[in-house]
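# Architecture at a glance
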Amino acid sequence: MPEVRPLALRPHATHAYHLYVIRFDLSRLTCDRATAFSALRREGIGVNVHYIPVHFHPFYRRRFGTGPGLCPVAEAAYEQIITLPMFPAMTSGDVRDVVDAVTKVVEAFRA
């Protein structure tokens, strides 16, 4: 689906696949990441957001006065990404459930 893509892998790099992160192309959807996140949770999919920009963490905000606007590229990426479930005991049925839920949510919010 053009509305969803996995994070890119750089040439000559390997991926540990300890997390499976997707990026929503929000220009192709009528919702924001938070709405897609909630919709996937309602479908029973345990999505999460793991990569919060460092300058948003409370320590950096207190210690260095960082905040929104400091790193616009990181902030834009943060607003587009969701981590899908991935774990060793995942069955083919579990994978199908995730794919079906992502498809359902994207189709519901397709622009």
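Scroll up a little and you will see the structure.
Residues numbered from 1 in each chain as written. Predicted model: local features only at pLDDT ≥ 70, side-chain atom pairs only at ≥ 80, totals over all residues. Heavy atoms only, no water.

### Concerning unusual backbone geometry
For clarity, the threshold we go by: Helix and strand labels come from DSSP, where a helix needs a run of H or I of at least four residues and a strand needs a run of E of at least two; each type is numbered from the N terminus. Note on exposure labels: buried denotes an accessible area under 20% of the residue type's maximum, exposed denotes more than 50%, and partly exposed covers the range between, all computed with a 1.4 Å probe on protein chains only.
Of note in this structure, H12 is not a glycine but carries a positive phi near 65°. Among the structural elements, H12 can be located in the loop between β1 (4-6) and β2 (20-24). Note on H12: relative accessible area 88%, which makes it exposed. In this structure, Y17 is a non-glycine residue whose phi angle is positive, near 50°. One can find Y17 in the loop between β1 and β2. On the basis of relative accessible area, Y17 is assigned to the partly exposed category, the value being 42%.

### Examining the sheet that holds strand β3 (residues 81-84)
Two modes of strand pairing occur in sheets, parallel and antiparallel, and in both the strands are linked by backbone hydrogen bonds. Short version of the rule: Strands qualify as paired when DSSP identifies two bridges or more between them. For every element, the axis is a line fit to its C-alpha atoms; helices are fit only across the contacting stretch, and the angle between N-to-C directions ranges from 0 to 180 degrees.
Strand order in the open sheet formed by 3 strands is β1-β2-β3, with antiparallel pairing between adjacent strands. For this open sheet the edge positions go to β1 and β3, each flanked by a neighbour on one side alone. Put simply, the sheet's adjacent strands are angled 35° from each other on average, direction ignored. Judged from the 4 bridges that link them, β2 and β3 form a sheet pairing that is antiparallel. The partner of Y20 across the bridge, within β3, is L84.

### Quick notes on the pairing of β2
Relative to β2, β1 is paired through 3 bridges, and the arrangement is antiparallel. Pairing of R5 across the sheet is with R23, part of β2.

### Observations concerning the packing of aromatic side chains
For clarity, the threshold we go by: Two rings from Phe, Tyr or Trp (for Trp, the six-membered ring) form a pair when their centres are within 6.5 Å of each other. A pair whose planes differ by under 30 degrees is stacked, one over 60 is edge-to-face, and the rest are tilted. Charges are assigned to positions over rings by a cutoff of 6 Å between ring centre and Lys NZ or Arg CZ, combined with an angular limit of 35 degrees from the ring normal.
All told, the structure shown has 5 aromatic pairs when counted by the stated rule. Aromatic pair Y17 and Y20: ring centres 6.5 Å apart, planes at 20°, arrangement stacked. Centre to centre, the rings of F59 and F64 are 6.2 Å apart; their planes meet at 85°, and the pair counts as edge-to-face. Residue F59 is classed as partly exposed on the basis of its relative accessible area, which comes to 45%. Since its relative accessible area comes to 52%, F64 is described here as exposed. These aromatic residues form a ring-pair network of at least three members: F59, Y60 and F64. Over the aromatic face of Y78 sits the side chain of R33, whose NZ or CZ is 4.8 Å from the ring centroid.

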